[in-house]
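# Residue-level structural notes
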Amino acid sequence: MTPPSAPSGELPFWKRKSLEEMDRDEWESLCDGCGKCCLHKLQDEDEDGEPGEIHNTNVACRLLDLGSCQCSDYPNRWDFVPDCVQLFPQFIETAVWLPTTCAYRLLHEGKDLAWWHPLVSGSAETIHEAGISVRGRVISERKAGPLDHHIVDWPDL
């Protein structure tokens, strides 16, 4: 998908529009391709059965291409992963598990996109070159075994 571009002299769409105002192509182009959303997470329950602390793992969804950090079947992902999460502008505030580097989270918090974001750099490779993606740091769920053996504490999650 080619990211939407702004006419010469105009601010890029992510600086002009709120998340709610973006069209589907703009919204989808905000995904930086880091792959962090596709990592399995474990969540504790407190003694009342309420959701507790979230633990990140280095275990990727079986559909994540570990090289490109893109979903290998994005249009049909729910056929294979029914609990795959779809992000909506209204959901961002409550999605506490979104990584600190996530464009959706950054824009929701009033921050700008980082230099390595493909919309800023013009290249899908800069996120990998900057060490922000999960490339080289994860294992597929098909090979991982028990998730609790793969808990990680990465500062960028």
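Quick note: structure is the one above.
Attention in this report is confined to the structure presented alongside it. Note that the coordinates shown come from a computational prediction; the quantities given were computed from them, not determined experimentally.

Looking now at the pattern of salt bridges. The tally for this structure, following the rule as stated, stands at 9 salt bridges. With a closest N to O distance of 3.0 Å, Lys 36 and Asp 156 form a salt bridge. Taken together, the residues Lys 36 in the loop between helix 2 (24–29) and strand 1 (39–45) and Asp 156 in the segment after strand 4 (151–152) connect sequence positions 120 residues apart. Of the charged contacts in the structure, one is a salt bridge between Glu 125 and Arg 135, with a shortest N-O distance of 3.3 Å. Remark: Arg 135 occurs in the loop between helix 6 (126–129) and strand 3 (139–140) and Glu 125 occurs in the loop between helix 5 (118–121) and helix 6; sequence separation between them is 10 residues. Looking at Arg 135, the relative accessible area reads 35%, which means it is partly exposed. Connected via shared salt-bridge partners are Lys 36, Arg 137 and Asp 156.

What follows covers the nonpolar core. Counting 17 residues, the largest nonpolar core has Trp 14 and Leu 30 as its most contacted members. Elements with a minimum of two residues in this core: helix 1 (13–16) and helix 4 (103–108). Among the elements that make up this core, the one with the highest residue count is helix 4 (3 residues). In this structure, Trp 14 is in contact with Met 22, Leu 30, Leu 107, Asp 112, Leu 113, Leu 119 and Val 120, ignoring residues within four places of it in sequence.

Once that is clear, we can look at the pairing of strand 2 (residues 51–60). Inspection of the sheet shows strand 1 paired to strand 2 by 5 bridges, in the antiparallel sense. Within strand 2, the position partnered with Leu 42 by the bridge is His 55. Of the strand pairs in this sheet, strand 2 and strand 4 are connected by 2 bridges, and their pairing is antiparallel. Within strand 4, the position partnered with Asn 56 by the bridge is Val 152. Note that strand 2 and strand 3 share 2 bridges and pair parallel. Residue pairing in the sheet places Val 59 in a bridge with Ile 139 of strand 3.

Calculation notes
- Residues numbered from 1 in each chain as written.
- Predicted model: local features only at pLDDT ≥ 70, side-chain atom pairs only at ≥ 80, totals over all residues.
- Heavy atoms only, no water.
- Salt bridge = Lys/Arg side-chain N within 4 Å of Asp/Glu carboxyl O.
- Helix = DSSP H or I, 4+ residues; strand = E, 2+ residues; numbered from the N terminus.
- Buried < 20%, exposed > 50% of the residue type's maximum accessible area, 1.4 Å probe, protein only.
- Core = buried A, V, L, I, M, F, W, Y, C linked by side-chain atoms within 4.5 Å.
- Contact = heavy atoms within 4.5 Å.
- Pairing = 2+ DSSP bridges.

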